[in-house]
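Chain by chain, the residues run as shown.
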Amino acid sequence: MPNNSVSTDELHHLFKLNRGILDAEDHSRMLSIEGKWIASIMPLVGTATTPRDSNEFSRFLSEKIRIEADAPPPSASFYVAEICKVVGFAEIIRQFAIDGLTEAQAFFSIIPRLPPEAQMPVMRIFIDEYGCGNLEQMHTQLYRRLLEELKLPTDLNEYLGKINRESYEFVNIFYWLSRRAPTPEYFLGGLAYFESVVPTAFRCYADACARLGIANGKYFTEHIHIDVYHAREAVRAITELGKQRELAWADVVAGACIVSEIAARAFEAAVLSAQKKEASYKEASYVDA
């Protein structure tokens, strides 16, 4: 269960602080909120066998993703792929809008923490995130078109103060991983996990778009395609870092486990919000009739 020692309002404020220019008071406030929040997350990470090299880590990721995909109870992914109506799907897209509208922006702070050999594969991921310089292929632009089709705002500010605490957690965790985690291995492990799981995790969204007749599903199909390569580049970055110094493999695994927990919580909370939205929509339609 989530530890609610940090409120939704605090996580909202943390998101704004992460994206702002801070004076000393703001910086102290940011560290205070983030410190409490990260402390609440760490016990949820659990323990895992520490790999000895990139091949073992890749096997660890594959097995972790397989177990997560097969885990009971019946997956929320089935609801998205096979059950949700447009109103429910739109609610999930709304919950993740602060991520979609700022995609990869939290990642850039990792670059100065890495040697050039490890920077290169990470930069290749960034280039794809930004559509290789083509605005129309930029992942945020693909998300904007999806929002427009669903008649949702494309202004980031329209979502602030109106989404789940877990949605804030999902974005805030990458600011911590890239900027303030004790080692860059945390970020690289988290990135490798997320890029590896997306081709599986996003399939339900692509299926929902096809089922519901949503035209702008490319945001999901593009990720299903490109993140196969991104996962390899993320692992390559870990390998390259290990060539420069001894790797903290326990931190790589911790980063993967943290992102796994946070992403799962955000998805489950978004699906619950969608189900509530559909129920209230159905009830309102019944009353109006």
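Before reading further, recall that the structure is shown in the block above.
Residues numbered from 1 in each chain as written. Predicted model: local features only at pLDDT ≥ 70, side-chain atom pairs only at ≥ 80, totals over all residues. Heavy atoms only, no water.

> Is there a simple way to explain the packing of helix 2 (residues 24–41) against helix 9 (residues 165–180) in this structure?
What describes two packed helices is the angle between their axes and the distance between those same axes. Contact pair helix 2 / helix 9: the axes reach a minimum separation of 12 Å and the direction vectors enclose 105°. Taken as axis vectors, helix 2 and helix 9 run roughly perpendicular relative to one another. Counted together, Met30, Leu31, Glu34, Trp37, Ile38 and Ile41 of helix 2 and Glu169, Asn172, Ile173, Trp176 and Arg180 of helix 9 form the full contact between these two elements. Considering only residue class, the contact of helix 2 with helix 9 consists of seven nonpolar, one polar and three charged. (Axes fitted to C-alpha atoms, helices over the stretch in contact; angles between N-to-C directions. Helix = DSSP H or I, 4+ residues; strand = E, 2+ residues; numbered from the N terminus. Parallel < 35°, antiparallel > 145°, perpendicular 65-115°, else oblique. Contact = heavy atoms within 4.5 Å. Nonpolar A, V, L, I, M, F, W, Y, C, P; charged D, E, K, R; others polar.)

> I'm lost on the packing of aromatic side chains in this one. Help?
The description of two aromatic rings rests on the distance between their centres and on the angle between their planes. In total, this model carries 22 aromatic pairs according to the counting rule given. Residues phenylalanine 108 and phenylalanine 126 carry aromatic rings whose centres are separated by 4.5 Å and whose planes lie at 45° to one another, so their mutual orientation is tilted. Here the residue phenylalanine 108 occupies a position in the loop between helix 6 (97–100) and helix 7 (116–129), and phenylalanine 126 occupies one in helix 7, the gap between them amounting to 18 residues. The partly exposed category is assigned to phenylalanine 108, whose relative accessible area is 35%. Since its relative accessible area comes to 2%, phenylalanine 126 is described here as buried. (Phe/Tyr/Trp six-rings, centres within 6.5 Å; stacked < 30°, edge-to-face > 60°. Buried < 20%, exposed > 50% of the residue type's maximum accessible area, 1.4 Å probe, protein only.)

> I tried to follow unusual backbone geometry on my own but got confused; where do I start?
Keep in mind that most residues, glycine aside, have a negative phi and that most peptide bonds are trans. One non-glycine residue with positive phi stands out, namely alanine 104, at about 75°. Looking at where alanine 104 falls in the secondary structure, it is placed in the loop between helix 6 and helix 7. With relative accessibility at 5%, the residue alanine 104 sits in the buried group. Backbone geometry places cysteine 132, a non-glycine residue, at a positive phi of 55°. Structurally, cysteine 132 can be placed in the loop between helix 7 and helix 8 (139–149).

> What should I look at first to understand the packing of helix 5 (residues 86–95) against helix 11 (residues 203–212) in this one?
Running from N to C, helix 5 and helix 11 cross one another at 145°; their axes reach a closest spacing of 11 Å. Handedness of the crossing formed by helix 5 with helix 11: left-handed. On the side of helix 5, the interface is formed by Val86, Phe89 and Ile92, while helix 11 contributes Tyr205, Ala208, Cys209 and Leu212. In terms of residue class, the contact of helix 5 with helix 11 is made up of seven nonpolar, no polar and no charged. (Left-handed = near helix turned anticlockwise from the far one by under 90°.)

> How should I be thinking about the pattern of salt bridges in this particular structure?
Applying the stated criterion to the full structure yields 16 salt bridges. Its salt-bridge partner being arginine 265, residue glutamate 169 comes within 2.6 Å of it at the nearest N-O pair. With glutamate 169 in helix 9 and arginine 265 in helix 13 (residues 249–288), the pair connects residues that are 96 residues apart, well separated along the chain. As far as burial versus exposure is concerned, glutamate 169 and arginine 265 are alike and both buried. (Salt bridge = Lys/Arg side-chain N within 4 Å of Asp/Glu carboxyl O.)

> Would you explain the nonpolar core in this entry?
Formed by 97 residues in total, the largest nonpolar core has its most connected members in Phe57, Val80, Phe89, Ile173, Tyr205 and Phe220. Of the residues forming this core, the biggest block, 15 residues, is contributed by helix 13. (Core = buried A, V, L, I, M, F, W, Y, C linked by side-chain atoms within 4.5 Å.)

> Mind showing me how you'd approach the layout of surface pockets here?
Taking a probe equal in size to a water molecule and rolling it over the atoms shows the remaining empty space. The calculated volume of the largest pocket comes to roughly 1200 Å³. For the largest pocket, the lining is made up of 49 residues, of which Tyr193, Ala201, Ala263, Ala264 and Phe267 are closest to its centre. Elements with a contribution of two residues or more to the lining of the largest pocket: helix 3 (54–70), helix 4 (76–83), helix 9, helix 10 (184–201), helix 11, helix 12 (218–244) and helix 13. Tallied by class, the residues present in the lining of the largest pocket amount to 32 nonpolar, seven polar and ten charged. (1 Å grid on protein atoms, 1.4 Å probe; cavity = no way out; pocket = protein on both sides within 12 Å on 5 of 7 lines; lining within 4 Å. Points joined across faces, edges and corners; volume = space filled by probe spheres on them.)

> Help me understand the environment of arginine 19 in this model?
The residue arginine 19 is located in the loop between helix 1 (8–18) and helix 2 in this model. On the accessibility criterion, arginine 19 (36% relative accessible area) is partly exposed. Not counting residues within four places of it along the chain, the set of residues in contact with arginine 19 comprises Thr102, Gln105, Leu156 and Tyr175. Within the structure, arginine 19 has its side chain in polar contact with the side chain of tyrosine 175 (distance 3.3 Å). (Polar contact = N/O pair within 3.5 Å; in protein donor to acceptor, adjacent residues only side chain to side chain.)

> In this structure, what is going on with the side chain of glutamate 10? I would like to understand it.
Inspection of the secondary structure assignment puts glutamate 10 in helix 1. Among the polar contacts made by the side chain of glutamate 10, one reaches the side chain of lysine 36 at a distance of 3.1 Å. Once you skip the residues sitting within four places of it in the chain, glutamate 10 turns out to touch Ser5, Arg29, Ile33 and Lys36.

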